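# Overview (structure and organization)
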Amino acid sequence: MFYPDVWNEFVRRPRCLGAQRRDYPEWHKGRPRYYVWAVDAETAPVDARLRRERAALDGRLVAPYTRHAHITVAACGFLTDAALHDDDVSAARLEAQARRLEALATPPFTVEVGGANSFASAPFLEVADRDGALARLRAAVLDGGGEYRTTPYVPHVTIGIYDGPHPTAAIAPRLGRRDDAAIALNVSRIGLYSYAAASLGSPLRLERTIPFARPARRA
């Protein structure tokens, strides 16, 4: 297990946090789309592991969950120039983030996708960033600042969202806890994605792609 502290925090809770399939106007405040920088994790081995864990948690997750497999690098917020809320992000700020990512000239890299773990509100597949490539991308996006969110960054692939306050004692045995071999995930680009804020678990829409350049071969 890559993140035992996260797991221990989860199992110490009497119940997980459950969501409902409804609009959350108190969160989006009428702003239509939420933006994130993320890397694609949609591969056959990852999808197979996600299907296995979702089947084990059948009846306890919000369905349908149509967001494709990805690893969030940094949350941006709601695209608007109004700047009324701490989770607003302007088009100019997104463009500046993109320029910093391009200037970073990141070469393709590999991360490891492991077994299941869980936050209070969502189970996930762990991701090990052993060479720090995701951390460097994240630092470039944030440019010495931080996200408006205060929770520690844990790279992961979301399995789903809990649909109610289920007892963690009933959830924990259903999650992986298997001796899963790490899945090597090759990453060759980062994308700016958005999703419809009024629809829980809605699909990601690719807004922009920044490919990673392979180092030039010496003659």
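As a reminder, the structure under discussion sits directly above these lines.
### A few points about the pairing of strand β4 (residues 109-118)
- Burial runs high along β4: eight of the 10 residues are buried.
- Here β4 pairs with strand β5 (residues 123-128) via five bridges, running antiparallel. Note on β5: the bridge partner recorded for E112 is A128.
- A loop of four residues connects β4 with β5, the two strands running antiparallel in sequence.

### As for the pattern of salt bridges
- All told, the structure shown has 10 salt bridges when counted by the stated rule.
- Of the charged contacts, one joins E95 and R208 as a salt bridge, the two residues approaching to 2.6 Å between their closest N and O atoms. Residue E95 is found in helix α4 (residues 91-104), and its partner R208 is found in strand β9 (residues 205-211); the two are separated by 113 residues along the sequence.
- Overall, the relative accessible area of 25% leaves R208 in the partly exposed class.
- Between R130 and E112 there is a salt bridge, and its shortest N-O distance comes to 3.0 Å. Residue R130 is found in the loop between β5 and α5 (133-142), and its partner E112 is found in strand β4; the two are separated by 18 residues along the sequence.
- Under the relative-accessibility criterion, E112 is labelled partly exposed at 25%.
- Members of the salt-bridge network, linked through shared partners, are E95, R99, E102 and R208.

### Examining the nonpolar core
- Of all hydrophobic cores here, the largest spans 45 residues; its most connected members are W37, I71, V157 and I190.
- Counting nine residues, the second largest nonpolar core, distinct from the first, contains A38, F78, A197 and L204.

### As for the sheet that holds strand β6 (residues 156-158)
- Spatial ordering of the open sheet is given by β6-β5-β4-β7, a layout of four strands whose pairing is antiparallel. Two strands lie at the open edges of the sheet, namely β6 and β7 (183-187), each paired on one side alone. Neighbour-to-neighbour, the strand axes of the sheet open up by a mean angle of 35°, direction not taken into account.
- Taken together, the three bridges between β5 and β6 define a ladder with antiparallel strand orientation. Counted as the bridge partner of F124 is T158 from β6.
- On top of the sheet, helix α1 (residues 4-12) reaches β4 and β5; it is set at about 20° to β4, its chief contact.

### A closer look at the packing of aromatic side chains
- In the structure shown here, the tally under the stated rule is six aromatic pairs.
- Ring plane angle 40° and centroid distance 5.4 Å describe the contact between Y34 and Y195, whose orientation is recorded as tilted. Here Y34 is found in strand β1 (residues 33-40), whereas its partner Y195 is found in strand β8 (residues 189-196), with 161 residues between them in sequence.
- The exposure class assigned to Y34 is buried, which follows from its relative accessible area of 4%.
- Ring geometry for F119 versus F124: centroids 4.2 Å apart, planes at 25°, classification stacked.
- On the basis of relative accessibility, which here comes to 0%, the residue F124 falls in the buried class.
- Three or more aromatic residues joined by ring pairs make a cluster, and in this case those are W7, F10 and Y162.

### Let's talk about the environment of V62
- Topologically, V62 is positioned in the loop between α3 (44-56) and β2 (70-79).
- The sequence separation of V62 and G160 amounts to 98 residues, and the corresponding C-alpha distance is 6.9 Å.

### Here we look at unusual backbone geometry
- Residue P64 follows A63 across a cis peptide bond; omega there is -5°.
- Along the chain, P64 turns up in the loop between α3 and β2.
- Of note, A105 is a non-glycine position whose phi angle comes to about 50°, a positive value.
- As for its placement among the helices and strands, A105 is situated in the loop between α4 and β4.

Parameters and conventions
Residues numbered from 1 in each chain as written. Predicted model: local features only at pLDDT ≥ 70, side-chain atom pairs only at ≥ 80, totals over all residues. Heavy atoms only, no water. Buried < 20%, exposed > 50% of the residue type's maximum accessible area, 1.4 Å probe, protein only. Helix = DSSP H or I, 4+ residues; strand = E, 2+ residues; numbered from the N terminus. Pairing = 2+ DSSP bridges. Salt bridge = Lys/Arg side-chain N within 4 Å of Asp/Glu carboxyl O. Core = buried A, V, L, I, M, F, W, Y, C linked by side-chain atoms within 4.5 Å. Axes fitted to C-alpha atoms, helices over the stretch in contact; angles between N-to-C directions. Contact = heavy atoms within 4.5 Å. Phe/Tyr/Trp six-rings, centres within 6.5 Å; stacked < 30°, edge-to-face > 60°.

Purely geometric numbers; function is a separate question.
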